[in-house]
Structures are given as C-alpha cells and as structure tokens.
2 protein chains.
Amino acid sequence: MSGIPHTLLEDLKKITADDRATTNETMLQQHSKDESHHTPVLPDVVVFPTTKEEVSAILTYANEHRIPVVPFGVGSSLEGHCIPLKGGISIDFQQMNQIIEVRPDDFLVRVQPGVTRTQLNAALKKHGLFFPVDPGADATIGGMTATNASGTTSVRYGIMRSQVRDLEVVMADGSIIHTGGLSAKSSSGYHLTGLFVGSEGTLGAFTEITLKVYGIPETVIAGRATFPTMKQAVDGAMSLLAAGIAIARVELVDSTSIRQVNLHSETDYLEQPTLFLEFHGNEAGLTHDVSFAQELLEENGSVDFLVETDSKKRAKLWEARHNLAYAFKHGFPGKEMMLTDVCTPLSELTGAVVYAREVIDQSGLAGGVLGHVGDGNFHTTLMFNKQDPAEVQLAEEVNAKIVEYALQKGGTCTGEHGIGIGKKKYLQKEHADTLPWMKLIKQQFDPHNILNPGKILD
Amino acid sequence: MSGIPHTLLEDLKKITADDRATTNETMLQQHSKDESHHTPVLPDVVVFPTTKEEVSAILTYANEHRIPVVPFGVGSSLEGHCIPLKGGISIDFQQMNQIIEVRPDDFLVRVQPGVTRTQLNAALKKHGLFFPVDPGADATIGGMTATNASGTTSVRYGIMRSQVRDLEVVMADGSIIHTGGLSAKSSSGYHLTGLFVGSEGTLGAFTEITLKVYGIPETVIAGRATFPTMKQAVDGAMSLLAAGIAIARVELVDSTSIRQVNLHSETDYLEQPTLFLEFHGNEAGLTHDVSFAQELLEENGSVDFLVETDSKKRAKLWEARHNLAYAFKHGFPGKEMMLTDVCTPLSELTGAVVYAREVIDQSGLAGGVLGHVGDGNFHTTLMFNKQDPAEVQLAEEVNAKIVEYALQKGGTCTGEHGIGIGKKKYLQKEHADTLPWMKLIKQQFDPHNILNPGKILD
C-alpha cells in the first residue's frame, strides 16, 4: 500500500514492545488466511497488543497513515474475514485473552476478545454456568462477536448478538467507547452494541466483551433419529418446534455425509438423513418432552429414535455429526472445502435442502448437506480443486444457486458465517435498499476506510 | 415553526385525502401528549396515512420544507415520545392497522404499525400462537418497536428488539427500505433492524413490522407469594433465576403499593412485599418447577405461596398487580404520576429497590415500587402536583437519585420506557462516549432533523 511508512515495524514496536510486532515470514503467512477457501494475502506486519491503550495507539497511528488494519483471533473464519486483502497490520488478540470478571449473580462474564469458547466454558463451569453459543470451531469470543456467530444451540439460546450486553470498542480514530452496560435490558439511545456485533472488524476493534451466561441445565439428554427422506427429517424437526419442545440442538445430516463418515471412520451408521438432538431442562419435564418428541418423530417416519443421558454416551451418539467436517476435509486430499451458509424461513427449509442436494448432485462435486435446522440454517460441504478453474466455477455456481434459492424465499445469504469477501455480491442483492445506509455508517465511523477494508462493503 | 408553509393542511390533504388530514382543535390536542407527565405541545396538523406510499410522500414533503414529523400510535408512551415538541406533523398510524400475514409454520407475523398488542394476540390465538411482549398498556406494535418495549414477560421471551425480524422503514428523504428478512437469524451486513428498534421515531417511520411469535404454552400456572422484607422478596426472585426455573413473569410489588390497592379496591391483600409469578411449560415440567419454586421462596422467608392453573383464578391471583397503576392514578385526584424506570445488574437490584423506597419516603411524596425483577428492571409511581413547583422538583429529585444509583452500579437510566424528553440528560451521563457516534448516525439518516426532533438527542 502506498501509505505504509518504511518505519512501520519500528513504529509498532514502539507502541507495543520489541517482541510484540513482527514481519517474520511464517507469522505473516499464519495471518494471511483463515479456514475459508479464499486466497491468502500477506499483511505487512503482525502486532500483538496486550491492552486497550495499545490497540488505541495502533489504530490512531494506522488512521493517521491510512494503513489497513485487520483484527485476528484464531483465524477460524469461513468467509475470509481475517485475510488482509490490502495488506497492512494484522492485530492478533491472542495476548488479550483474560477472563476479566465472572459475575455469577448477574449471569454475566466480562472477557478480553482473545478468550476462546472452550477457555470461557472451563472458567464458567466452576460457577455452575456455561456460555451456549457453539459455532463448532474453538473460535475466540472477539471473532464470534465480529461475525455474529451462532451454531447448534441457537435454536434454544439465541445467536451471539442476543448474548452481548456491552462492548468496549476502539474506533478508527483511536477513541475508546463502551456501547452497553451490565443490565439485562435497556432502551437508552441507539443500540450500537447490536450494530457492532456482526460488523466483521469494519467499524471498530473490540477490546472487551460482556456476555450473558446461563446456568448449566439440570439434565441434558442427547438423541438421534434417522428418516427415509430429507423431507421427513426436516418435517420431523419442525414438528418438535411446533410442539414447543425444549430442544437445545437439532442438527440435520444428510445420507451423503453419513456415508462419508462411515468411509472415513470405518463406522456403520445407517446411511439415511439423520437428526441429532439435544434436550436441556429438568428431569421431569424432559422425560415428558423426550417421549413426546419420539411420538412426533415416529409420525414423520423415523423408526430408530435413540436417547442417552450419560455424558460419554451422549458424545458417542453425536459422534457422526462431530466427525463430519473432518471426514470430508481428510477424505478428499488435494481438495478444498467451500462451506456454504444460508438461512431460510422455516417453512421453506425442506424445499431448500432438497434443492441443494439436487444442485450438488448435478454438479458432480462431492459434498454433504448439514444444518442447524431449528433456525432454518444449513450448510453444504462442497469439495473442489482450487487449481482447477472448472471445479472452482462449479463450486461457485452451486453456492450461487443455493443462495439465490434462499433469497427468493425471503431468507438470507448468510445465517452465521458473515459476508466477509465471498458474500459481498449476495449482500448487494439481499439488502440493495439498505446498503447505502450501511455505507453512510461505515463512512462516518471509519472515514479513511482503514478497518478491514474490502469486507462487507466495497 | 418558521419553515411551515401556510398551505400545509391543503398539501397533506392532496397527499392523503380530504378527511385524512386535519387541524381540528380536539384532534390537535389528542396528539399533543402521551401518558407521561410531560407538558403537551400541539402539532400543526394531524394526518392519517393508509399506505407506505403516503407515508413516503408525507416525509418527502416534510423533508423538503423542513417540517418536524412525529409518529403517533395510541399515545401510551411514558417519556413524551409522541409530543410534537417543535410542532409540525403528527402522523397517526391508526388507519394502518392491518395484520398483513400470519405465517404459523415460520412462527412469524407481518403487521402494520397501528396494530395493537391485544388485536395481534386475538388474531394469533386461532393459530395456537401468541406474541409475548407485554408492556401493560395496549400499545401499538409500531410504538412498542420504536421504544424497544418489554415488560412482564421479557425474563422468559426477551424484549421487543429480540422479536423484530424485519422492518419496513420510510426514511427522512422518503425512501423505503427493508432492514431484515424472514429467516430466524442472519449475519448479512450491519444490523440496521436493531438500530431502528428503540430509535423512538428519530431515524425513520415504520410502515411494516415482521415479528417472531410463539406457540401458546401447554400449561400456564400463576403464583403469588409475600415476604417480610423487600430484600427477601428480591432474593426470592433471584433464587428462581439461579435455579433455572422456567418463570415467564416475576413481578415485585411493594407493601405501599398493595396498601394503595387495598384502599382503592376495598380488598384485604396482605400489605407486604409481594411476588407475582407465572410459569409456562409442559405439565410435568411445571409441577416439578412450581414445587421447587415454593421451596426456594420459603427458604427466602415466604409462608404463603399460592398457585392457580385455571385462567380466571390466575387473573384473580394477579388482580392486585393489575390494579396497581389504576389505584395510584385514581387514588390521588389532581396529581400526576411520574413513572420512573431504571434497570440494574441483577446483583444490585435489592440495593436499588431498598434505596428507591427510602428516597421516596424521605421526599414525602406518595409512590409505590414495582418491578420486572427477573430483568433487574423496576419502576416507582411518584404522585405529584404539577401545579406545585416544589412537588415537581421533589419528584424530579427522586427520579434523579434512582437513576444515579442505577448508573453507578452499571445499570441503565431506562429499562423499557425509552429516552424521549425526560431522560436525555441521563443518556448523556450513561453513554457520554457513544453519544457522538449516535449523533453521526442521526445526522446521516435525518440531515434536516425533521424526525421527532428533540427526542433522544438534542
């Protein structure tokens, strides 16, 4: 970038410390990519701040010199959020990983952005608490906040945006603000907290996050059921929602994915559309709910509903679901995975997943369908050779068709992975009328476009 | 106002219809106020649009001529939101009161802004659905969205902002946008929906609202318990939350309020701090929950826990809570009610309500304490004579002390009533650092400050 001073490294070392700013090639490469299929781009420098004051000084400096800045957690993004498209500074938050305060009586926790999900849950457990949002990856709370992550438990506990009570944000000009507070609700002015959640590092950098946490449920029951068809599996899931059953997770996995797990793990799961379930509550209520769930799933064609209460047996019951991404990633050496991500209204989900399966089969690409079907959110795992332009195009066409279908039905181009690089053209379709207003906010909050440039908006 | 053309009425009749724009004195007076204690101000004209196109034409016209515009539902605001502080046009949405579409399989409903809460629930009932947010008043959905209303059920179902999936908004320049969609979640760009919810008519006018709705619970149980002290009552409520019991409502009413109800209704409720409770769930789960709740409440000093399942008996059990505002309003002829509204972290609630009671008693004003204690949100009903400057000052001082206490403890100056006119000075304290960024958004979205000027921001 033209604006980058040749003293960049030295300047950042002065702001942080000699060993906390680096242009080491391996380090630059680690910060050039995420877990998506998007093409890596090297940052000019990686810096590891330890305080909000350092983050503020870095942003003030970057803003003055018009240097792009990309926040980095563990790089588990799936839409290229961490890729420094225009070079500049990658701010790695790994050294800001303190759990600042657990407030059990308030059901709140205050953390630094580099805290990971499993680290947080380990700390909460001793208070009988847990943080439910589970996107699969052991992402950082900062990253999960930036993409408005959700995942398997959102059908019960809500998405990341529902959990964030307060954000400490360093703005592009270096000023430090708090967007919320410690109360469970507020009607005090414009809701900036919700605006920053999901802003993908383009409006500010988070230095502290206050989250709602939950009591560990008295009883957890895991369940699994297979169905002759995808339609029956989805209808089965919908019947549980309609009945108001307290499901905490309801995951759909298609037969192609189960076959891939069997191939890879030498297991013999029934190769049929499968629902993986989890119920949270008190024992009496769950006994009722689970038996009611069984009735409903059987009405929708399942004949093999299994449940487990013991924690090890629960994990075993869910094993195929957990091994799924691994089975695809390691089952196709030399190929990359494009993980699509749309969300439709619940009533349109059956049509959307059946259509997605058809489109994948027509393309000739390998790929499974899986979904957080309680939210109408599903993914496909498209395996493609990034060196083969024809395969790249095929994968992109499949993605495009899945997105178009969702948009036509009133859904969204991304349920939880965010816009990043890959979904910008679909955001333009989905929110053509609101995009100018989003841009006005971006221009006001980050007038020199230093914050994660090239993400969400062009 | 200097910018208001003398052809205002004629111009608005051309945009709408002869009988849908008026300067009738009674009509102007009806639109000069809300249910708050704030001083009425007459609008120049009242207009009744029936379509988004008319709303767009009204705003385009107002923007061109720099005429203030105030959206009006049923005027149940408690912080002066509907008062046309600078005159101009009051847009009354009573003729935009259609329930556009119920989508039972999606758990969604699309409504026009003038639909009231009870009207909506009557329409949902035939689908086995309900809309839980219950601020007490039979407010319009437009008004509830604009103030981010919540109320008694938010401890279980969340606040207004949690329910809104999509807004059709007419912007100050007359452009019409949709902020969301029909899917249960999305990570598609900046979350403008959450920004408009709670914007109190200052960023745009809503012409359509899509809401999440819920299945009517299988079983509803109402409960009531009294306690020797406020501390024990609040601690009792907190013990239910900590145990993860599925309470759908948990309301605190202090002994002063119960005494007022007894005086007014010739009832003989025990004049002690009282919790009013409601449980939603399946019968087996609730039987367990309710008996566990009884244990916990008794541990906190209650000796008279009563429950009812039958709907008429449930209403009877809650009667004192429902009659409370009426008992104060009609018990002090010639006085107005200032309804304070703060929210604290849960762990600070006991201290806050005990402090509020002391401050009221010291002031010599009549007033009760009541609260949605599951959220840490409470109100006081301060009765004062608006013609007596000393009483006005006393009431304002009590309000100020309650707010200051909440802010000191990390709480908010308004849990659910919004900023409006009365809380602007406290917003400046609570969010001094974010206020400049709120103002930037306001300036961009409404450059001529025509939208509800003088509310939230100066």
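Quantities reported herein were computed from a predicted structural model and do not represent experimental measurements.

## Some words on the UniProt feature "domain: FAD-binding PCMH-type" (unreviewed entry) in chain A
Here's step 1: Mapped onto this numbering, the UniProt entry gives "domain: FAD-binding PCMH-type" (unreviewed entry) at residues 39-216 of chain A.
Here's step 2: As a span, residues 39-216 of chain A carries 24% helix and 24% strand, and end to end its C-alpha atoms are 41 Å apart.

## Comments concerning the packing of aromatic side chains
Residues and elements named next belong to chain B.
Here's step 1: Taken as a whole and judged by the stated rule, the model has 16 aromatic pairs over all chains.
Here's step 2: Seen from their ring centres, Phe130 and Tyr157 are 5.5 Å apart, and the 90° between their planes marks the pair as edge-to-face. Here Phe130, found in strand β7 (residues 129-130), pairs with Tyr157, found in helix α6 (residues 154-157); they are 27 residues apart in sequence, far enough to count as distant. Across the pair, Tyr157 and Phe130 agree in class, each one buried.

## Comments concerning the packing of helix α15 (residues 349-363) of chain A against helix α16 (residues 389-408) of chain A
Residue and element names in this part refer to chain A.
Here's step 1: Contact pair α15 / α16: the axes reach a minimum separation of 10 Å and the direction vectors enclose 160°. If you check the angle between α15 and α16, you find them roughly antiparallel. Of the two possible hands of crossing, α15 and α16 adopt the one that is right-handed. Contacts between α15 and α16 involve Gly351, Ala352, Tyr355, Ala356, Val359, Ile360 and Ser363 from the first element and Leu394, Val398, Lys401, Ile402 and Tyr405 from the second.
Here's step 2: Class assignment of the residues belonging to the contact of α15 with α16 gives a composition of nine nonpolar, two polar and one charged.

## A short note on the interface of chain B and chain A
Here's step 1: Contacts between the two partners involve 78 residues from chain B, matched on the other side by 78 residues from chain A.
Here's step 2: Looking only at chain B, the three residues that lose the most surface to chain A are Lys185, Tyr190 and Trp437 of chain B, adding up to 17% of its buried area.
Here's step 3: Viewed at the interface, chain A and chain B are joined by four salt bridges.
Here's step 4: Here Lys185 of chain A and Asp375 of chain B are joined by a salt bridge, their closest N and O atoms 3.5 Å apart.

## Focus on the domain arrangement of chain A
Residue and element names in this part refer to chain A.
Here's step 1: With domains assigned, chain A is organised as domain 1 (8-94), domain 2 (99-215), domain 3 (219-323) and domain 4 (332-418 + 430-435).
Here's step 2: Between the C-alpha centres of domain 2 and domain 3 there is a distance of 29 Å.
Here's step 3: Contact residues are listed per partner, giving six residues for domain 2 and nine residues for domain 3.
Here's step 4: Note on domain 2 versus domain 3: buried area summed over both sides is about 640 Å², and carbon and sulfur give 54% of it.
Here's step 5: By the criterion of area lost to domain 3, the three top residues of domain 2 are Thr152, Val155 and Arg156, representing 72% of everything that side buries.

## Examining the sheet that holds strand β10 (residues 205-212) of chain B
Residue and element names in this part refer to chain B.
Here's step 1: Taken in spatial order, the five strands of this open sheet run β5-β6-β10-β8-β9, and their pairing is antiparallel. Strands with a single pairing partner mark the edges of an open sheet, and in this sheet they are β5 (99-103) and β9 (176-178). Between one strand axis and the next, the sheet turns through 10° on average, direction left out of account.
Here's step 2: Relative to strand β6 (residues 108-111), β5 runs antiparallel, the two being bridged by four bridges. Bridged to Glu101 within β6 is Arg110.
Here's step 3: Strands in contact with helix α3 (residues 52-65) are β8 (164-170), β9 and β10; relative to β8, the strand with the most contacts, it is inclined by about 50°.

## Regarding the pairing of strand β13 (residues 247-253) of chain B
Residues and elements named next belong to chain B.
Here's step 1: Here β13 lies mainly inside the structure; seven of its seven residues are buried.
Here's step 2: Summarising the sheet, β13 and strand β14 (residues 274-281) pair through six bridges and their orientation is antiparallel. Its bridge partner being in β14, Arg249 is matched across the sheet by Glu278.
Here's step 3: In the sheet, β13 pairs with strand β18 (residues 369-372) via three bridges, with the strands oriented antiparallel. By the bridge assignment, Glu251 is partnered in β18 with His372.

## Describing the pairing of β10 of chain B
All names here are of chain B.
Here's step 1: With seven of eight residues buried, β10 is to be regarded as a mostly interior element.
Here's step 2: Alignment of β8 against β10, held across six bridges, turns out to be antiparallel. Bridge pairing in β10 places Val164 opposite Leu211.

## Side note on the pattern of salt bridges
Residues and elements named next belong to chain A.
Here's step 1: This structure, assessed with the given rule, holds 44 salt bridges over all chains.
Here's step 2: When the shortest N-O distance is used, the salt bridge between Lys316 and Glu319 registers 3.2 Å.
Here's step 3: Accessibility expressed as a relative area gives 26% for Glu319, which makes it partly exposed.
Here's step 4: One salt-bridge network, in which partners are shared between bridges, spans Glu101, Arg103, Asp106, Arg110 and Glu208.

## Here we look at the environment of Lys126 of chain A
Residues and elements named next belong to chain A.
Here's step 1: Its location among the elements puts Lys126 in the loop between α4 (117-125) and β7 (129-130).
Here's step 2: What makes Lys126 exposed here is its relative accessible area of 69%.
Here's step 3: As for Lys126 and Asp92, which are separated by 34 residues in sequence, their C-alpha atoms are 29 Å apart.

## Structural notes on unusual backbone geometry
All names here are of chain B.
Here's step 1: At Arg66, a position not held by glycine, the phi torsion is positive, near 55°.
Here's step 2: Turning to its location among the elements, Arg66 is positioned in the loop between α3 and β3 (69-72).
Here's step 3: The class for Arg66 is partly exposed, based on a relative accessible area of 44%.
Here's step 4: Positive phi outside glycine occurs at Asn452, with the angle close to 45°.
Here's step 5: Position of Asn452 among the secondary structure elements: in the segment after α18 (435-445).

## Some remarks on the sheet that holds β3 of chain B
Residue and element names in this part refer to chain B.
Here's step 1: In spatial order, the strands read β1-β2-β4-β3; together these four strands make up an open sheet with mixed pairing. In this open sheet, the two strands that pair with only one neighbour each are β1 (21-22) and β3.
Here's step 2: Two strands pair when backbone bridges link them, and strand β2 (residues 45-47) and strand β4 (residues 89-92) are joined in this way by three bridges, in the parallel orientation. When the bridges of β4 are listed, Val46 appears paired with Ser90.
Here's step 3: Running over the sheet, α3 touches β2, β3 and β4 and is turned about 170° from β4.

## Describing the relation of the copies chain B and chain A
Here's step 1: Mapping chain B onto chain A calls for a screw motion: a turn of 180° about the axis and a shift of 0.0 Å along it, with 0.0 Å RMSD after fitting. Those values place the two copies in the arrangement expected of a two-fold rotation axis. Across chain B, the rotation axis passes nearest the C-alpha of Gly285 of chain B, at a separation of 1.7 Å.
Here's step 2: With an isologous cut-off of 70% or more, the 100% of interface residues of chain B that recur at the interface of chain A puts this contact in the isologous class.

## Notes on helix α10 (residues 255-265) of chain B
Residue and element names in this part refer to chain B.
Here's step 1: Those residues of α10 that sit buried are Ser255, Ser257, Ile258, Gln260, Val261 and Asn262.
Here's step 2: Elements in contact with the buried residues of α10: β13, β14, α13 (319-322), α14 (324-331) and β18.
Here's step 3: Looking one or two residues beyond α10, the residue adopting positive phi is Glu266, at roughly 55°.

## Some points on the side chain of Asn262 of chain B
Residue and element names in this part refer to chain B.
Here's step 1: Structurally, the position occupied by Asn262 is in helix α10.
Here's step 2: Here Asn262 falls in the buried class, since its relative accessible area comes to 8%.
Here's step 3: A polar atom in the side chain of Asn262 sits 2.8 Å from the side chain of Thr267.
Here's step 4: Here the side chain of Asn262 touches Tyr269 through a polar contact of 2.7 Å, landing on its backbone oxygen.
Here's step 5: Filtering out sequence-adjacent residues up to four positions away, Asn262 remains in contact with Thr267, Asp268, Tyr269 and Glu271.

Parameters at a glance
- Residues numbered from 1 in each chain as written.
- Chains lettered and ligands numbered in written order.
- Predicted model: local features only at pLDDT ≥ 70, side-chain atom pairs only at ≥ 80, totals over all residues.
- Heavy atoms only, no water.
- UniProt positions renumbered as here; feature names shortened; annotations may be inferred.
- Helix = DSSP H or I, 4+ residues; strand = E, 2+ residues; numbered from the N terminus.
- Phe/Tyr/Trp six-rings, centres within 6.5 Å; stacked < 30°, edge-to-face > 60°.
- Buried < 20%, exposed > 50% of the residue type's maximum accessible area, 1.4 Å probe, protein only.
- Axes fitted to C-alpha atoms, helices over the stretch in contact; angles between N-to-C directions.
- Parallel < 35°, antiparallel > 145°, perpendicular 65-115°, else oblique.
- Left-handed = near helix turned anticlockwise from the far one by under 90°.
- Contact = heavy atoms within 4.5 Å.
- Nonpolar A, V, L, I, M, F, W, Y, C, P; charged D, E, K, R; others polar.
- Buried area = accessible area lost by both parts, 1.4 Å probe.
- Salt bridge = Lys/Arg side-chain N within 4 Å of Asp/Glu carboxyl O.
- Domains from an automatic or database assignment.
- Pairing = 2+ DSSP bridges.
- Least-squares fit on C-alpha atoms with pLDDT ≥ 70 in both.
- Polar contact = N/O pair within 3.5 Å; in protein donor to acceptor, adjacent residues only side chain to side chain.

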